[in-house]
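Analysis of the macromolecular model
What follows is the residue order along each chain.
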Amino acid sequence: MKFNILSFDEINSTNQYLLENAPNLENYTVVTANKQTQGRGRKGRVWESSSNDNLYFSLLIKSIDISFEELSSIPQIMGLAVCESLQMCGISKSWIKWPNDVFVDDQKICGVLCETRLKGISLEGLIIGVGLNVNLPETELQKIDKPATSMLVQSNDKKPFSTKETLHVVLQAFDKHFKLWQQKERRSEIVELWRQNSRLIGKAVTLSDDQKTIYGTVVDFSENGEVILQSENGLKAYSYGDLSLRLQ
Ligand code: ATP
Ligand code: BTN
């Protein structure tokens, strides 16, 4: 992939920018910002984006052969890219929390928000937004309502990371995993990487959406990026929801 990078100092949301401007932008445009005034997570939740020196970026993919069933794979392909990049930066112990987060131990370091722009019933653009806490100091992390961490806090030498280089590393890693995923006969390799980068398999969890909560145990992930749970509903794959670990 040849990425075309557009950088802003401040913007409402890099995802919003791509949603609005996709028709006029090239495939693989990446929008980055130093700050976002309306950074968002899933379901309108706020993504804390007021501090400089972090990564807030969104990637636009325009020509993609993907079915709606396969969409849950995308945040986790980006999650893999982030885990691998963190390892390259000397930060081990990161894992993908299905469906869209990366944690280091029990603290969140990155969130991924995938949104689609539709034209009629066809997909005009897939937007993959990433918030990665690169140099967020402890004082700022404590203001977030749930446990959060940053690369700086996790690093051994506590030396700031270059956001530009980190972006480059994440995009290269995404490119590699996305190309692998696009070869349908090699999807089992991606599933294996999801397993290796998950801490959920065998764990008791709750999976909630607006209508219901399911109590189950994580068994595996599917080639479509679904989580496979064993619950009172039997063995079933789920493509979305908020997943929490249950204390056993
Ligand atoms: P789930 O428990 O299902 O993963 P979540 O509570 O993590 O859901 P998301 O929509 O995935 O919800 O992420 C948004 C949440 O992430 C916010 O509600 C907030 O708790 C947390 N958050 C916001 N900004 C940051 C940040 N910069 N770093 C880490 N966490 C953040
Ligand atoms: C989540 O954990 O719910 C996802 C958070 C995604 C945040 C990123 S920051 C860059 C892009 N622009 C946004 O408004 N959101 C995503």
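Up top you'll find the structure we're talking about.
Residues numbered from 1 in each chain as written. Chains lettered and ligands numbered in written order. Predicted model: local features only at pLDDT ≥ 70, side-chain atom pairs only at ≥ 80, totals over all residues.

**Quick look at the pairing of strand β11 (residues 234–238)**
- Of the pairings in the sheet, the one linking strand β10 (residues 227–231) to β11 comprises five bridges and is antiparallel in character. Across the sheet, residue Q230 finds its bridge partner in β11, namely L235.
- Here β10 hands over to β11 after two residues, the two strands then running antiparallel side by side. (Pairing = 2+ DSSP bridges. Helix = DSSP H or I, 4+ residues; strand = E, 2+ residues; numbered from the N terminus.)

**With respect to the nonpolar core**
- With 63 residues, the main nonpolar core has M78, V82 and I128 as its most contacted residues.
- Ranked by the residues each element gives to this core, the list is headed by helix α2 (residues 73–88), at eight residues.
- When residues of this core are assigned to domains, at least three fall in each of domain 1 (4–196) and domain 2 (204–245).
- Ignoring any residue separated from it by four or fewer positions in sequence, one finds V82 in contact with V102, C110, L132 and V170. (Core = buried A, V, L, I, M, F, W, Y, C linked by C-beta atoms within 7 Å. Buried ≥ 20, exposed ≤ 12 C-beta atoms within 10 Å, placed from the backbone. Domains from an automatic or database assignment. Contact = placed C-beta atoms within 7 Å.)

**Concerning the sheet that holds strand β9 (residues 213–221)**
- Taken in spatial order, the five strands make up an open sheet running β11-β10-β9-β8-β12, and their pairing is antiparallel. Each having just a single partner strand, β11 and β12 (242–245) make up the two edges of the open sheet. Each adjacent strand pair in this sheet contributes to an overall mean axis angle of 40 degrees, direction not counted.
- Across four bridges, strand β8 (residues 204–208) lies against β12 in antiparallel orientation. (Axes fitted to C-alpha atoms, helices over the stretch in contact; angles between N-to-C directions.)

**Brief notes about the packing of helix α5 (residues 163–182) against helix α6 (residues 187–196)**
- Across the interface, α5 lies against α6 with an axial gap of 7 Å and an inter-helix angle of 135 degrees. Comparing their axes, α6 and α5 come out oblique. Between α5 and α6, the contacting residues are H177, L180 and W181 on the first element and R187, E189 and I190 on the second.
- Looking at the contact of α5 with α6 residue by residue, the classes come out as three nonpolar, one polar and two charged. (Parallel < 35°, antiparallel > 145°, perpendicular 65-115°, else oblique. Nonpolar A, V, L, I, M, F, W, Y, C, P; charged D, E, K, R; others polar.)

**Observations concerning the site of ligand 1**
- Surveying the vicinity of ligand 1 reveals 20 residues, the closest of which are G41, R42, E48, A148 and D242.
- Elements with a minimum of two residues in the shell around ligand 1: β6 (107–119) and β12.
- Sort the elements by how many residues they give to the shell around ligand 1 and β12 lands first, with three residues.
- Class assignment for the residues of the shell around ligand 1 results in five nonpolar, six polar and nine charged.
- Here the shell around ligand 1 spans two domains, and each of domain 1 (4–196) and domain 2 (204–245) adds at least three residues to it. (Near = placed C-beta within 6 Å.)

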